[in-house]
Amino acid sequence: MTSIGNAGEHGSEIDGDAKKYLIDGYLPTIGIECHVQLNTATKLFSSADNDARDAEPNSKVTEIDFALPGMLPVLNREAIRKAVRAGKALNSEIAHVSRFDRKHYFYPDLPKGYQISQMYQPLIIGGRVDLPSGEHVRIHHAHVEEDAGKLTHYSDHTLVDLNRAGTPLIEIVSEPDIHSGTMARAYAEELHLLMIYAGVTEGDLYNGNMRFDVNVSVAKPGEPLGTRAEMKNLNSFRAVEKATDYEIQRQIEVLKSGGEIKQQTRGWNEVEGKTVLQRTKENAEDYRYMPDADIPPVVLSNEKIAELQADFPIMPAEYRERFAKIGVDDSVVRVLLNNQKLAEAVAETQDMAGDKAAKRIANLFSSCLPSEDDTDQAKKALNLPSVEHLVELAKMLDEKKISSTNGKDVFAEMLKGDDLPIVIAKKKKLLQVSDSSAIEKMVDEVIAAPESAKAVADFKAGQEKVLGWLVGQVMKRSHGQANPGMAGEMLRQKLSTK
Amino acid sequence: MQSKIEQITANIKAGKTTAHEQVEQALKIAKEKESLHALLETFEDYALKRADEIDAKVKNGEKLGRLVGVPYVAKDNFLTSVGHTTAAAKILDNFESPIDATAIQKLNAEDAILIGKANLDAFAHGGSTENSAYGPTHNAVDNTRVAGGSSGGSAVAVASGIVPFALGSDTGGSIRQPGSFNGVVGYKPTYGMISRYGVVAMASSTDVVGPLTTTAQDAVIVSDILAGQDGHDGTVHPDYFKPQTTTVKKKSVIGIIDDFVSDGVDEDVKKNTLELADKLGQAGCEIKHVSLPMAKYALAIYYIVVPAELSSNLARFDGIRYGVRNKEAGNIDDVYGMSRNDGFMPENKRRIMIGSYVLSSGFYDAYYLKAQKARTLLINEFNKLFEDCDYLLCPTAPTPAFKLGENTDDPLKMYLADAMTVPPSLAGLPAISVPNGTDENGLPIGAQLIGQMKDDAGLLNFAESVEDIVNA
């Protein structure tokens, strides 16, 4: 914490040297609200299928989602379990008593005329997200609520699809601890990782599984926080970063030219790369919040909370620390963390076969998995070999049974089936020959070959670097299977003594 | 008093009558009493077909339900897959429900036969059934007077002999007060004893489902079937209702609520209530005079909390997915505004406006929250009284049934008719209105008995004793 932070009701906490955030003498202050769709089997208050991808409009809808008269919500316990686990990922406290409230507005995507949310007593309280940069963002709270339906507007009519209406969400509300577009993006990315690692969401941004509302204000350090503008429904990390940067600049320019920032909601125009005014506070809705008497309070004892959070997976920050300790490159760590399966496999390799094997596998993952397979679908479809097989591959590399180049080929094969790496290496003739008599035979042939005459002469004349060419000749004869180290040693020996 | 339901089921089982005969008779009386306008719709084809199916079961010696062949009607705010469900409001004029309310399902599963839907104040907003979009129901004893409400149609259907029991809903007195006005039993269970699933919601924190019957024993029979969890209503208590067969404890301590036998209460109502207290004393009960000082705030609390909740519950009636949409509306705001303007009655609109006001930003703490705090104080007073008393006694309503049109221009006067039924509703307590004689003009008067939370079986058992004493 430094003294440069702004004073305000919810004071901002700044890590390290806050001066680096200043732009033209202004300190941007940013808070983010993130909606996360929970991947439960059914909706928050009905038995409708919660997975509406590719479904016909209004085919995943029960009488409850349709808001027939007399229908009552019945709370999905699994949604509470997932939310409580999300709370653990956020390092939050879980409320012993939380309640649901109604938020009213008229819109055709909201069949009941109110959204069931948690206004007064949310389930998830406080928390903290640590960013890879070493900075952190505090969480104010996160509440459970239901999603609305989807409208499709045409020139003279609008169609309503209620498949998404009633999907469970948690809305994670950060403290205003963010101070740049880069940091906003890093926070959004880290939240995404946390929620995926906790297993509470599919995390598919393209399909709106996570959506970000970014609140931006700027003020001179030491002065009260500036008036904020909110950009709603950003659905990519890039949009979070760009919209934040744009909005910071816009507000600074308004202030510098003597203008005043009005509280408002702005939309992000991706194509033009700018934020546009949607509505000002004067015509903001009055949501008439009230407790929802149809839903009994959620009461959780410490024992129950522990039970709901049991068997918790390892979180990204822990992997980061583990992998850094065994000397895995930062760039490789990023690749691993981006896919929980990879991080898990490397960690398990470490548990089973030690640091060296883990590092080998980490590097193999980073260099062999095609980067275009970075989509959520590809990640899910990726069929990683078992850890036992990975450990065996690492051992083969370690024992020089296989060259590092051929190791990549074997690994590529392992992704396609369940064959043992040794079986693949044999089948593809990729095993290194470390049998000294076999290598000696090839070394002798190479030395005797007419095309080697010049190189042999050069080496004897003291030109060490031609040894590589000679080793290459041995490798060629062995179809890449010879142990190059052994071949080199043998060549050196024979050429030096002759 | 003899149970009408048991008479019918015993006779059907003994082959002395058939379900078909019972349904035909009910439909015949319904036709004769049509001018009372108790029913909005009858289901002749459906009911006779059901009756024939049930008669076949009787004939084949199959297992029979506990309400075999008993005709009944439901207030038209219960969803029924047969016929319409209008809640007596124009906005649902064309609404046909795809499903049955839990209460309907449970009764049908016991071989009861739904023969029609009963009139009510639109969306159950009212105490006279004059707020129905389809015209008022007339009192069963004096057709120049109101039926009471909002379950007026259900009460009159029972009082006029069409059916032995009817389903009603009670938010602040809507079963008990029309029961009192028509001389039948109206029972409001503990909040959460019976699933509300499929009942058009009025106020979520006080709505209950209950029966109107001719005897307390019939209320027991029907309640035993309706009570318990159904998985569709998260507020239902784990099953606790167990009918009591033993006679009432002779030493019961009865608290008579003095605040409700004071000035402003009809003289005959007062007299009958105090006489009943005396008779109970002679029968061995200990009579205590008790006071409920918070009762004078009950209506004020009620008319903040209930409009707030109903304004929310009525938001779904927007003309978008079902119900009547105004055809002239050219944009979304007009679809909402014009459809709702057409579809709601003046009393609906009045309450939606009050509710929206007390929930609006800046007023929530001053009205809604304060009312909820006062509600807690009222509950505390009840709890205090129940430290010394087993049951509380007071009139069900300050007056017998008033004249049709007498109070329609004065909502506040109309609201006063609920002054005695509202306090137990706010506290979630079980309460029952049993006939307690008549006034000098022969108009029925009801006695309200109030029990402790979840002591429904005890209360009904006590009500049976009260019936015996009144009729002795």
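Here the structure is a predicted model, which is why all the values come from computation and not from measurement. (Residues numbered from 1 in each chain as written. Chains lettered and ligands numbered in written order. Predicted model: local features only at pLDDT ≥ 70, side-chain atom pairs only at ≥ 80, totals over all residues. Heavy atoms only, no water.)

**Concerning the confidence of the model for chain B**
Here is step 1 of the chain: Averaged over chain B, the pLDDT score is 96; the fraction of residues at 70 or greater is 99%.
Here is step 2 of the chain: Among the scores for the predicted complex, ipTM is 0.95 and pTM is 0.91. (pLDDT = per-residue confidence, 0-100.)

**Considering the environment of Asn-233 of chain A**
All names here are of chain A.
Here is step 1 of the chain: One can find Asn-233 in strand 13 (residues 229–234).
Here is step 2 of the chain: Placed 198 residues apart in sequence, Asn-233 and His-35 show a C-alpha to C-alpha distance of 8.8 Å.
Here is step 3 of the chain: Residues within four places of Asn-233 in sequence aside, it is in contact with Arg-211, Phe-212 and Asp-213.
Here is step 4 of the chain: For Asn-233, the side chain forms a polar contact with the side chain of Arg-211, separated by 3.3 Å. (Helix = DSSP H or I, 4+ residues; strand = E, 2+ residues; numbered from the N terminus. Contact = heavy atoms within 4.5 Å. Polar contact = N/O pair within 3.5 Å; in protein donor to acceptor, adjacent residues only side chain to side chain.)

**Side note on the pairing of strand 4 (residues 101–104) of chain A**
All names here are of chain A.
Here is step 1 of the chain: Alternating positions in strand 4 separate into two faces, Asp-101 and Lys-103 on one and Arg-102 and His-104 on the other, with burial throughout.
Here is step 2 of the chain: Summarising the sheet, strand 4 and strand 5 (residues 114–117) pair through four bridges and their orientation is antiparallel. Following the sheet pairing, His-104 is matched in strand 5 by Tyr-114.
Here is step 3 of the chain: Pairing geometry for strand 4 and strand 16 (residues 290–291), over two bridges, is antiparallel. Paired with Asp-101 across the strands is Pro-291, a residue of strand 16. (Buried < 20%, exposed > 50% of the residue type's maximum accessible area, 1.4 Å probe, protein only. Pairing = 2+ DSSP bridges.)

**A look at the sheet that holds strand 2 (residues 71–75) of chain B**
Residue and element names in this part refer to chain B.
Here is step 1 of the chain: In spatial order, the strands read 1-3-2-4-6-5-10-11-9-7-8; together these 11 strands make up an open sheet with mixed pairing. Pairing within the sheet leaves two strands with one partner each, and these edge strands are strand 1 (39–42) and strand 8 (286–290). The sheet shows a mean angle of 30° between the axes of neighbouring strands, direction not considered.
Here is step 2 of the chain: Examined bridge by bridge, strand 9 (residues 391–395) and strand 11 (residues 444–450) share four bridges and lie antiparallel to one another. Among the inter-strand pairings, Leu-392 is bridged to a residue of strand 11, identified as Ile-450.
Here is step 3 of the chain: With respect to the sheet, helix 5 (residues 152–159) is in contact with strand 1, strand 2, strand 3 (113–118), strand 4 (165–170) and strand 6 (208–213), its orientation differing from that of strand 4 by roughly 155°. (Axes fitted to C-alpha atoms, helices over the stretch in contact; angles between N-to-C directions.)

**Points about the domain arrangement of chain A**
Here is step 1 of the chain: Looking at the assigned domains, one finds that chain A contains domain 1 (16–306), domain 2 (316–427) and domain 3 (436–497).
Here is step 2 of the chain: Centre-to-centre, using C-alpha coordinates, domain 1 of chain A lies 66 Å away from domain 3 of chain A. (Domains from an automatic or database assignment.)

**Quick word on the interface of chain A and chain B**
Here is step 1 of the chain: Across the boundary between the two partners, chain A contributes 28 residues, which contact 38 residues of chain B.
Here is step 2 of the chain: Taking both sides of the interface into account, the surface hidden between chain A and chain B amounts to around 2,800 Å²; carbon and sulfur atoms contribute 62%.
Here is step 3 of the chain: Broken down residue by residue, the surface that chain A buries against chain B is led by Pro-69, Leu-72 and Phe-106 of chain A, which jointly contribute 21%.
Here is step 4 of the chain: Across the chain A-chain B interface, the total number found is one salt bridge.
Here is step 5 of the chain: Applying the counting criterion to the chain A and chain B interface returns 15 residue pairs in polar contact (both at pLDDT 80 or more).
Here is step 6 of the chain: Contributing elements (two or more residues each) for the side of chain A that touches chain B: strand 4 and strand 16 of chain A.
Here is step 7 of the chain: Looking at the side of chain A that touches chain B residue by residue, the class counts come to 19 nonpolar, three polar and six charged. (Buried area = accessible area lost by both parts, 1.4 Å probe. Salt bridge = Lys/Arg side-chain N within 4 Å of Asp/Glu carboxyl O. Nonpolar A, V, L, I, M, F, W, Y, C, P; charged D, E, K, R; others polar.)

**Quick word on the nonpolar core**
Here is step 1 of the chain: In terms of nonpolar packing, the biggest core is built from 101 residues, with Ile-172, Tyr-187, Met-195, Phe-212 and Phe-365 of chain A touching the most fellow members.
Here is step 2 of the chain: Among the elements that make up this core, the one with the highest residue count is helix 2 (residues 181–197) of chain A (nine residues).
Here is step 3 of the chain: Per-domain counts for this core show at least three residues from each of domain 1 (16–306) and domain 2 (316–427) of chain A.
Here is step 4 of the chain: Every residue in contact with Ile-172 of chain A, bar those within four places of it in the chain, is listed here: Ile-32, Glu-33, Cys-34, Val-36, Leu-90, Ile-139, His-141, Ala-142, Tyr-187, Leu-191 and Met-195 of chain A.
Here is step 5 of the chain: Counting residues in hydrophobic clusters, the runner-up holds 83 residues, among them Val-184, Val-209, Phe-241 and Val-466 of chain B. (Core = buried A, V, L, I, M, F, W, Y, C linked by side-chain atoms within 4.5 Å.)

**Some thoughts on the environment of Leu-404 of chain B**
Residues and elements named next belong to chain B.
Here is step 1 of the chain: For Leu-404, the location among the structural elements is in the loop between strand 9 and helix 13 (411–416).
Here is step 2 of the chain: It is 4.9 Å that separates the C-alpha atoms of Leu-404 and Arg-145, two residues lying 259 residues apart in sequence.
Here is step 3 of the chain: Leaving out residues up to four positions away in the same chain, Leu-404 has contacts with Glu-130, Pro-136, Thr-137, His-138, Asn-143, Thr-144, Arg-145 and Val-146.

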